[in-house]
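The residues making up each chain are set out below.
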Amino acid sequence: MDEMIETSGALLENEIAENNSDNNAEVRAANTENKNTLEIDDSILANEEELEKIMEAIIYVEGNVPISRLRTLFKCENSDIRNHIENINNRYRNAKSAIEILEVGDSVLMTIIPSTFGTLSAIYDKKRKKKISKAMLQTLSIIAYKQPLTKAEIDDIRQSDSSYHLRALMEDGFIAWKGRKDYLDKRQTYGTTDKFLMHFGINSLDDLPKLRELKDLEFNKDE
């Protein structure tokens, strides 16, 4: 059991090193009280250049924007949204911009390109948070591969209490509540967040390294 946990923690730790994940992109925040009532004029929707300007502005202002919201606002399909975002990113690349729009999970956000991470790391070194501890990596990896999980299930795999690690991971935004276990089992479950995906430089959980050992684990259902 300990060997499995060590393996899972090591894989995530390697992902951090490879993606220089100490430098998570900061997303601009703005006042979006009226975003649910936003409507885009048909004349803009009919003009690709203007449409992409407005799409770019919305992503800049709102930060992490669900693709479903863009689909509703611009009255088009997911493939169209991705094509428009690629056009915007091409403009950034042609202008040698440090900005790009990244798809993370079911959302898109404006972030910085990886080649700027090293310089920003040096500039903001004093503000950098402590690295994730080995024990926290173990806890995070278990949640990533087997979510949604209750605390009891996580403790059972780790063979130790995970209260501190779960609290710290939630405070850092890597995990969040994912609802009750089921209709009869009222215990809360944990799962990873979009910030987790960004931190490891992946688009979805399908991109995680495969761990057959964890896949075959069975849990003790008792608290």
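All values reported here derive from a predicted model rather than from experimental measurement.

J.: Is there a simple way to explain helix 7 (residues 134–146) in this structure?
T.: For the α-helix, the turn length of 3.6 residues means that residues three or four positions removed from each other point alike. In this model helix 7 runs 18 Å from its N-terminal to its C-terminal C-alpha over 13 residues, within 8% of the 18 Å that 1.5 Å per residue would give. Within helix 7, ten of the 13 residues are buried, which leaves it mostly tucked inside the rest of the structure. Every buried residue belonging to helix 7 is among Met136, Leu137, Gln138, Thr139, Leu140, Ser141, Ile142, Ile143, Ala144 and Lys146, and all of these are buried.

J.: What is the right way to look at the nonpolar core in this model?
T.: Among soluble globular proteins, nonpolar side chains are generally buried collectively. Counting 24 residues, the largest nonpolar core has Leu140, Ile175 and Phe196 as the members making the most contacts within it. Examining the composition of this core, we find that six residues originate from one element, helix 7, more than from any other. Excluding residues within four positions of it along the chain, isoleucine 175 makes contact with Leu140, Ile143, Leu166, Leu169, Met170, Tyr190, Gly191, Thr192 and Thr193. Of all hydrophobic cores here, the second largest spans 19 residues; its members include Leu45, Leu51, Ile59 and Val65.

J.: Looking at this model, I keep getting lost on the pairing of strand 2 (residues 99–104). Mind explaining?
T.: Sheet faces and side chains relate simply in a regular strand, where the side chains alternate between the two faces. Pairing between strand 2 and strand 3 (residues 107–112): six bridges, direction antiparallel. Across the sheet, residue isoleucine 101 finds its bridge partner in strand 3, namely methionine 110.

J.: Before we go on, may I ask you to explain the UniProt feature "coiled-coil region" (unreviewed entry) in the protein chain in this structure?
T.: In this numbering, the UniProt entry assigns the feature "coiled-coil region" (unreviewed entry) to residues 78–105. Secondary structure content for residues 78–105 is 61% helix and 21% strand, while the C-alpha to C-alpha distance between its ends is 13 Å.

J.: Hey, could you run me through the environment of serine 97 in this one?
T.: Along the polypeptide, serine 97 turns up in the loop between helix 5 (78–94) and strand 2. Using a relative accessible area of 23% as the deciding quantity, one classes serine 97 as partly exposed. Distance in space between the C-alpha atoms of serine 97 and isoleucine 112 is 8.9 Å, their sequence separation being 15 residues. Setting aside its immediate chain neighbours within four residues, serine 97 contacts Tyr92 and Ile113.

J.: What's the story with the sheet that holds strand 3 in this structure? I'm lost.
T.: Strand pairing in a sheet takes place through backbone hydrogen bonds and is either antiparallel or parallel in direction. Taken together, three strands build an open sheet; the order of strands is 1-3-2 and the sheet is antiparallel. Sheet topology places strand 1 (65–66) and strand 2 at the edges, where each strand pairs with a single neighbour. Pairing geometry for strand 1 and strand 3, over two bridges, is antiparallel. Directly across from proline 66, in strand 3, lies its bridge partner serine 107. Set on the sheet, helix 3 (residues 48–62) makes contact with strand 1, strand 2 and strand 3; between it and strand 3 the angle comes to about 80 degrees. Sheet strands touched by helix 5: strand 2 and strand 3. Its angle to strand 2, the strand with the most contacts, is close to 155 degrees.

Scoring rules and cut-offs
- Residues numbered from 1 in each chain as written.
- Predicted model: local features only at pLDDT ≥ 70, side-chain atom pairs only at ≥ 80, totals over all residues.
- Heavy atoms only, no water.
- Helix = DSSP H or I, 4+ residues; strand = E, 2+ residues; numbered from the N terminus.
- Expected span 1.5 Å × (residues − 1).
- Buried < 20%, exposed > 50% of the residue type's maximum accessible area, 1.4 Å probe, protein only.
- Core = buried A, V, L, I, M, F, W, Y, C linked by side-chain atoms within 4.5 Å.
- Contact = heavy atoms within 4.5 Å.
- Pairing = 2+ DSSP bridges.
- UniProt positions renumbered as here; feature names shortened; annotations may be inferred.
- Axes fitted to C-alpha atoms, helices over the stretch in contact; angles between N-to-C directions.

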